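Working through the structure, step by step
Residue-level listing of the chains:
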Amino acid sequence: ENDGRSPTSHKDDPDLNRWMRHQRSRRRSAYGYVPISDEQKCLLESIDFPMVSKRPAFRGWYEKYDQLLSFWRQNGHFLVDPREARPLAKWVVMQRQKYNGTHRSAGSLSKSQVYLLERIGFPWT
């Protein structure tokens, strides 16, 4: 359901859709974009800008990625203890399996997902 804050699809307003994707990428410092400043983040939040895609598959992946990024920044490694953070630990294992082609589902990581994980030094083994 569209709440009117964003186009329902890229066909509704391709320029706005492209700009929104760009802002989300900047928020994650993805694809080599200049990171979003605190001031810009506050301005986007003031208009209730949806910083995460509404598509559940994308939203879930990026939420876990943000958790992993926070974990790495706090701990300096990617060894998530399943006793302390089981959902994140399972997600980490699944990313490695998808990358290596050993995950039971047919899905694999997108190029952008691989890029984001490699950018922070995520080990595939």
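Structure's up top.
Let us look at the structure shown here.

**Quick word on the overall build of the chain**
Scanning the chain from N- to C-terminus turns up five helices and zero strands. When the helices and strands of the chain are listed from N to C terminus, the series reads α-α-α-α-α. Per-residue burial for the chain yields a buried fraction of 33% across its 125 residues. Partitioning the intrachain contacts of the chain with sequence separation of at least 6 by distance along the chain shows that 51% fall at a separation of at least 24. When the accessible surface of the chain is split by element, carbon and sulfur atoms take 51% of a total near 8500 Å².

**Focus: the nonpolar core**
One finds W61, Y65, L68, V80, W91, L117 and F122 to be the most contacted residues of the largest nonpolar core, which totals 19 residues. Of all elements in the fold, only α3 (56-75), α4 (86-100) and α5 (111-119) reach the threshold of two or more residues within this core. With six residues, the top contributor of residues to this core is α3. Ignoring anything within four residues of it in the chain, the contact list for V80 reads L68, F71, A85, L88, A89 and V92.

**Observations concerning the pattern of salt bridges**
Counted under the stated rule, the structure contains one salt bridge. Here R83 ties to D81 by a salt bridge, and the two come within 3.1 Å at their closest N and O atoms.

**Quick word on the environment of Q67**
Within the secondary structure, Q67 sits in helix α3. The spatial distance from the C-alpha of Q67 to the C-alpha of L88 is 7.4 Å, given a sequence separation of 21 residues.

**Focus: the side chain of R96**
Mapped onto the elements of the fold, R96 is located in helix α4. A distance of 2.8 Å separates a polar side-chain atom of R96 from the backbone oxygen of P123. With sequence-adjacent residues up to four places away left out, R96 is seen in contact with F78, F122, P123, W124 and T125.

**Some points on the packing of aromatic side chains**
What the rule picks out here adds up to seven aromatic pairs. Between W61 and Y65, the aromatic rings sit 5.4 Å apart at their centres with planes inclined by 10°, giving stacked as the arrangement. You can see W61 and its partner Y65 sitting in helix α3, four residues apart, about one turn around the helix. Like Y65, W61 is buried. Geometrically, the ring pair formed by F122 and W124 is edge-to-face, given 5.1 Å between the ring centres and 80° between the ring planes.

**Re the side chain of Q95**
In this fold, Q95 is placed in helix α4. Ignoring any residue separated from it by four or fewer positions in sequence, one finds Q95 in contact with W61, L109, L117, F122 and W124.

**Some details on the environment of W124**
Mapped onto the elements of the fold, W124 is located in the segment after α5. Along the backbone, W124 and V114 are ten residues apart, and their C-alpha atoms lie at a distance of 10.0 Å. Dropping the residues within four chain positions of it, W124 is found in contact with Q95, R96, Y99, N100, L109, V114, L117 and E118.

Cut-offs applied
- Residues numbered from 1 in each chain as written.
- Predicted model: local features only at pLDDT ≥ 70, side-chain atom pairs only at ≥ 80, totals over all residues.
- Heavy atoms only, no water.
- Helix = DSSP H or I, 4+ residues; strand = E, 2+ residues; numbered from the N terminus.
- Buried < 20%, exposed > 50% of the residue type's maximum accessible area, 1.4 Å probe, protein only.
- Contact = heavy atoms within 4.5 Å.
- Areas by Shrake-Rupley, 256 points an atom, 1.4 Å probe, with all protein chains shown as cover.
- Core = buried A, V, L, I, M, F, W, Y, C linked by side-chain atoms within 4.5 Å.
- Salt bridge = Lys/Arg side-chain N within 4 Å of Asp/Glu carboxyl O.
- Polar contact = N/O pair within 3.5 Å; in protein donor to acceptor, adjacent residues only side chain to side chain.
- Phe/Tyr/Trp six-rings, centres within 6.5 Å; stacked < 30°, edge-to-face > 60°.

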